[in-house]
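Letter by letter, the chains look like this.
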There are 2 protein chains.
Amino acid sequence: MRTVDLILRKRGGDELSVDEIRFLLDGYTSGEIPDYQLSAFLMATFFSGMTDRELSSFTDVMMSSGETLDLSDIPGVKVDKHSTGGVGDKTSLICAPIAAAAGVVVPMISGRGLGHTGGTLDKLESIPGFRTDISLDQFRAQLAEHGLAFIGQSDEIAPADKRLYALRDVTGTVESIPLIASSIMSKKIAEGIDALVLDVKVGHGAFMKKQVEARRLAQAMVGIGRRLDKKVVALITDMNQPLGYAVGNALEVMEVSQTLQKAGPADLTRLSLELAARMIHLGKITATLDDARKLAEDKLMDGSAYKKFKDVVEAQGGNSQALDRFDLLPNATGMREILSPRTGYISAILAEDIGRASSMIGAGRARKEDAIDPAVGVILEVKAGEKVDAGAVLCRIYYTGEENLDEAAELVEDAFRISGTKPDQRELILEVVS
Amino acid sequence: MRTVDLILRKRGGDELSVDEIRFLLDGYTSGEIPDYQLSAFLMATFFSGMTDRELSSFTDVMMSSGETLDLSDIPGVKVDKHSTGGVGDKTSLICAPIAAAAGVVVPMISGRGLGHTGGTLDKLESIPGFRTDISLDQFRAQLAEHGLAFIGQSDEIAPADKRLYALRDVTGTVESIPLIASSIMSKKIAEGIDALVLDVKVGHGAFMKKQVEARRLAQAMVGIGRRLDKKVVALITDMNQPLGYAVGNALEVMEVSQTLQKAGPADLTRLSLELAARMIHLGKITATLDDARKLAEDKLMDGSAYKKFKDVVEAQGGNSQALDRFDLLPNATGMREILSPRTGYISAILAEDIGRASSMIGAGRARKEDAIDPAVGVILEVKAGEKVDAGAVLCRIYYTGEENLDEAAELVEDAFRISGTKPDQRELILEVVS
């Protein structure tokens, strides 16, 4: 088997066998196949795509390139939730405790923020004492006791994906649906889950700008699940404005706490409940999805989801009092209000720009190795569809240093689109792929 | 400027500016841009193509990456001829002496054989004593005195193309019309020519299998010439059987000698005369193409072309007596006849397979560094359209060792397509692009 022949076949649109895909990925991981051949293969894949069979083979081989977790000794159906990345998206910290409170086992393996999107691990680490680098033994023990644990992805999970991603990043081959789908799914399946709820974001603040692309990605991931015997459901949800009001790590934890205490924003509450209900249903706690929805709402309303979150925070070394006393969380030292230049209706809030501005003042990272400032971020005062008067506060920027502040403020101000007429209300959950 | 952004723009079909192309190619040549980024760019180019403007910029930048010859102090219009590679294609050794005898200055810079196609330098070196590694000073002096000199491409000509070609070869990005066209034209224009006659081969034995592809390649090269102020004419010619009867280095030199003495095969004579006429016309020796055709025929018929070839052979250290006494050329030690399995008409002779068989017994190279055996090859006894009886000789294989001989014989036998009905006669010169 010669690498160049496999590149030529992919370039011509032929289907590669599982052995051929293994030859490529194993050869790449072992260093026998050089970067320059794999990058040509990846670009050919961008243009030629993959068949369903290739896609599941590719995912399977990437998964098998490293360690796979075996959680089968922990009773119950293991269900994770994954978002393709949004701005202000803190739903994991809400739906996971709800689902766990309802009896689902939730091994939540999360990432860190990069670029304009935040990461679950970064948000959790803004809680004083919270440790995401717990051992695998503790992870298992906590899952058995609480039904929920948060952990980062170990370097041993799908190392082929890690190398591939680094190469894609510098060769213009990130935006390929089969490559994105296999990257996500190989990591998730390696984590020993039985089922997965996906939140595929679409819109200005998301990786997928168009619903048709988001749908293709969702279908690809659901299809991989079907072939690899995992239940997968994907919600396609709107990211044409940040989710909730808070963007920034500690600020988002505050909003999570409020939401788990039934005082959260309507959009965030609604999406978190739906994600939790999907997890409960895939977790076989209820027979129907409607029953799952009722159960999710009960667990939020009766305070057991909030209690579950506090228990897990304590179990991972965090100070759960900080969830009730926000002065115990990192707090910004300065605040700047952004005022509306005119009267009108908010037609959109460009989520990517809010995310970028927030990242620019320290809430996120430009590169993986950058440190973040947990205290800073943006709190919206209005959402799309609302009426504002000239001079009214659109949002507040919370900062700890002046660096990049003016630039960020300008970006935030421009992110608010104000129109003379009342815009149509936008759907939050656009479609479900299963 | 970031390389990844240029890859993304090419991937999306945008036109790159000359500065952006220079950034890419200079960065690659200097080692600042790694192979893996350039290979992704090349694969994106395979799919997205290039505009006419990009194509001439790309060619120009590749050309400027190394030395360029300046032949302006030698009087007369400098016209070269280049073939995209065929089997039994020895036209350069015939049309160049004809054109030179007619007064054209022909700086013939040639290559070596690779794969199933032969190379002009290898053929010439089968003449005892002939040296293709003459100095540039001798090359110039010989051009001034004889109007014709044969030389190999120096390493200093278009080094960017050399690196690019090596990368394309292993990344499945060879078969891209803009990349092929710019590769050929950058080298040719760097060689200080004023005009160029191209012979674009099409068919089984050629790189381009379909006439539509050959036409696109021809148009691309003629277009580059137009933008870079060089007169370029391309003939698209048939390669669905070897040209002439001889395939293999010394065997082809014998056929060249016969053809220059008016005893050559009809197809080879006809194409060589037409190529020479095009060179004479572009060289402004005659006002019309018809006059050029007459002049070419005169120079062949009156023996002056043959004399020119002998003078040049002597000038480059070769023994020109070997052109009259073939026992002075390298001769094979064994011969095997391939017989027709049945009676019928030759409908095609798969040229690539004849070329591969010939290469397999030593006439060509699998890799650049391989040595060749000048004596061996194949002599056809029939051509397409002819009637053969069962048991008649189709061709003879000339060899010096038994290695690969049976396999080569089988390949050669299968290359003859014999049908029950007389096939339509195939055109040799299919079209002209100028």
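Sequence order as written defines residue numbering, which begins from 1 separately in each chain. Each chain takes a letter, starting from A, and each ligand takes a number, starting from 1, following the order in which they are written. Residue-level local features of this predicted model are given only where pLDDT is at least 70; pairs of side-chain atoms are given and counted only at 80 or more, and the full residue set underlies all totals for whole chains, interfaces and linings. Excluded from the side-chain calculations are hydrogens and water; all other atoms, namely the structure's heavy atoms, are used.

Visitor: Explain the relation of the copies chain B and chain A to me, please; I cannot follow it from the model alone.
Guide: Both copies of the chain are related by a screw-like operation: a rotation about an axis and a shift along it. The superposition of copies rests on a least-squares fit of C-alpha positions from residues with pLDDT of 70 or more in both. Of the transformation placing chain B onto chain A, the axial shift is 0.1 Å and the rotation is 179°, giving an RMSD of 0.1 Å. Such a combination of rotation and displacement between the chain copies is what one expects of a two-fold axis. Within chain B, the C-alpha atom positioned nearest to the axis of rotation is that of B:Y36, 1.8 Å from it. Note on contacts: a residue pair qualifies if any of its non-hydrogen atoms lie within 4.5 Å across the two residues. A shared interface surface links the copies, since 95% of the contact residues of chain B are contact residues in chain A too.

Visitor: What am I meant to see in the interface of chain B and chain A here?
Guide: Size of an interface, as often reported, equals the accessible area lost when the parts are brought together. Between chain B and chain A, the residue contacts involve 22 residues of the former and 21 residues of the latter. Interface area, chain B with chain A, both sides summed: about 1,700 Å², of which 70% is carbon and sulfur. A per-residue breakdown of the area chain B buries against chain A is headed by B:R11, B:Y36 and B:F47, which together make up 37% of the total. Salt bridges are counted wherever a side-chain nitrogen of Lys or Arg sits within 4 Å of a carboxyl oxygen of Asp or Glu. Our enumeration of links across chain B and chain A arrives at two salt bridges. In this description, buried area is defined as the sum, over both parts, of the accessible area (probe of 1.4 Å) that is lost when the two are combined.

Visitor: Can you help me understand the sheet that holds strand β10 (residues 387-388) of chain A in this one?
Guide: All names here are of chain A. At least two bridges found by DSSP between two strands is the condition for calling them paired. Each helix corresponds to a stretch of at least 4 residues labelled H or I by DSSP, and each strand to a stretch of at least 2 residues labelled E; elements are numbered beginning at the N terminus. Strand order in the open sheet made by the three strands is β10-β8-β12, with antiparallel pairing throughout. One side of each edge strand has no neighbouring strand; the edge strands of this open sheet are β10 and β12 (416-419). Here strand β8 (residues 344-349) runs beside β10; their pairing, made up of two bridges, is antiparallel. If you follow G344 over to β10, its bridge partner there is V388. Axis angles are defined between N-to-C directions and span 0 to 180 degrees, where every axis is a line fitted to C-alpha atoms and, for a helix, only to the segment in contact. Along the sheet, helix α16 (residues 405-415) contacts β8 and β12; its crossing angle with β12, the most-contacted strand, is approximately 35°.

Visitor: Where do I start with the packing of aromatic side chains in this structure?
Guide: Two aromatic rings are characterised by how far apart their centres lie and by the angle between their planes. By convention, a stacked pair of Phe, Tyr or Trp rings (six-membered ring in the case of Trp) has centres within 6.5 Å and planes under 30 degrees apart, an edge-to-face pair has planes over 60 apart, and any other such pair is tilted. Counted under the stated rule, the structure contains three aromatic pairs over all chains. A centroid spacing of 5.1 Å and a plane angle of 85° characterise the contact between A:F46 and A:F47, whose relative ring orientation is edge-to-face. Three exposure classes are used, based on accessible area relative to the maximum for each residue type with a 1.4 Å probe and protein chains only: buried under 20%, partly exposed in between, and exposed over 50%. The partly exposed category is assigned to A:F46, whose relative accessible area is 24%. With 4.4 Å between their ring centres and 5° between their planes, A:F47 and B:F47 make a pair best called stacked. Highlighted residues: A:F47 in helix α3 (residues 35-48) and B:F47 in helix α3 (residues 35-48), drawn from two different chains. Its relative accessible area of 27% is what places A:F47 among the partly exposed residues. Site record: aromatic cluster; members linked through ring pairs are A:F46, A:F47, B:F46 and B:F47.

Visitor: Hey, could you run me through the domain arrangement of chain A in this one?
Guide: Under the domain assignment used here, chain A contains domain 1 (3-49), domain 2 (79-323) and domain 3 (331-419). Where each domain starts and ends comes from a domain assignment, either automatic or drawn from a database. The C-alpha-based centres of domain 1 of chain A and domain 3 of chain A are spaced at 43 Å.

Visitor: Would you explain the packing of helix α1 (residues 3-11) of chain A against helix α2 (residues 18-30) of chain A in this entry?
Guide: The relative placement of two packed helices comes down to the angle between their axes together with the axis-to-axis distance. Residue and element names in this part refer to chain A. Orientation of α1 relative to α2, taken along the N-to-C sense of each, is 120°, at an axis distance of 11 Å. Classified by the interaxial angle, the pair formed by α1 and α2 is oblique. Judged by the sense of rotation from one axis to the other, the crossing of α1 with α2 is left-handed. Mapping the contact onto sequence places T3, L6 and R9 in α1 and E20, F23 and L24 in α2. Any angle from 65 to 115 degrees is called roughly perpendicular, while one under 35 is roughly parallel, one over 145 is roughly antiparallel, and all others are oblique. Each crossing gets its handedness from the near helix: less than a right angle anticlockwise from the far helix is left-handed, clockwise is right-handed.

Visitor: In this structure, what is going on with the side chain of B:T120? I would like to understand it.
Guide: If you trace the backbone, B:T120 turns up in helix α6 (residues 120-125). Look past the residues within four positions of B:T120 in its chain and what remains in contact with it is B:S92, B:L93, B:S110, B:G111 and B:F150.

Visitor: So what exactly am I meant to see when it comes to the packing of helix α7 (residues 136-146) of chain B against helix α14 (residues 304-315) of chain B here?
Guide: Residue and element names in this part refer to chain B. In contact at an axis separation of 11 Å, α7 and α14 are set at 155° when each is read in the N-to-C sense. One finds that α7 runs roughly antiparallel with respect to α14. Crossing angle aside, the handedness with which α7 passes α14 is right-handed. Packed against α7, whose contacting residues are Q138, Q142 and H146, the element α14 presents K308, D311, V312 and A315 at the interface. Here the term charged refers only to Asp, Glu, Lys and Arg, the term nonpolar to Ala, Val, Leu, Ile, Met, Phe, Trp, Tyr, Cys and Pro, and the term polar to all other amino acids, Gly among them. Residue classes in the contact of α7 with α14 are distributed as two nonpolar, three polar and two charged.

Visitor: Before we go on, may I ask you to explain unusual backbone geometry in this structure?
Guide: Leaving glycine out, the prevailing phi sign among residues is negative, and the prevailing peptide bond configuration is trans. All names here are of chain A. Backbone geometry at K284 places phi at a positive 60°, although glycine is not the residue there. Among the structural elements, K284 can be located in the loop between α12 (266-282) and α13 (289-301). By relative accessible area, K284 is classed as exposed at 67%. Residue N404 is not a glycine yet carries a positive backbone phi of 65°. As for its position among the elements, N404 is in the loop between β11 (393-399) and α16.

Visitor: Looking at this structure, I do not really get the sheet that holds strand β5 (residues 231-238) of chain A. What am I missing?
Guide: All names here are of chain A. One open sheet accounts for four strands, arranged β1-β4-β5-β13; its pairing is mixed. Each edge of the open sheet is held by one strand with a lone partner, namely β1 (79-83) and β13 (429-433). For this sheet, the mean angle separating the axes of adjacent strands, direction not counted, is 15°. Two elements, β5 and β13, share four bridges in a ladder whose sense is antiparallel. Its bridge partner being in β13, L235 is matched across the sheet by V432. Relative to the sheet, α12 contacts β1, β4 (195-202), β5 and β13, its axis offset from that of β4 by approximately 150°.

Visitor: Help me understand the side chain of A:E255 in this model?
Guide: Residues and elements named next belong to chain A. Here E255 is to be found in helix α11 (residues 249-260). Residue classification places E255 among the buried positions, given a relative accessible area of 4%. Distance and chemistry together define a polar contact, namely a pair of N or O atoms within 3.5 Å, with one atom able to donate a hydrogen and the other to accept it when in protein, and with adjacent residues in sequence counting only for side-chain atoms on both sides. At 2.5 Å, the side chain of E255 and the side chain of K90 are in polar contact. Those residues in contact with E255 that sit more than four places away from it in its chain are K90, L243, G244, Y245, A246, P265 and L268.

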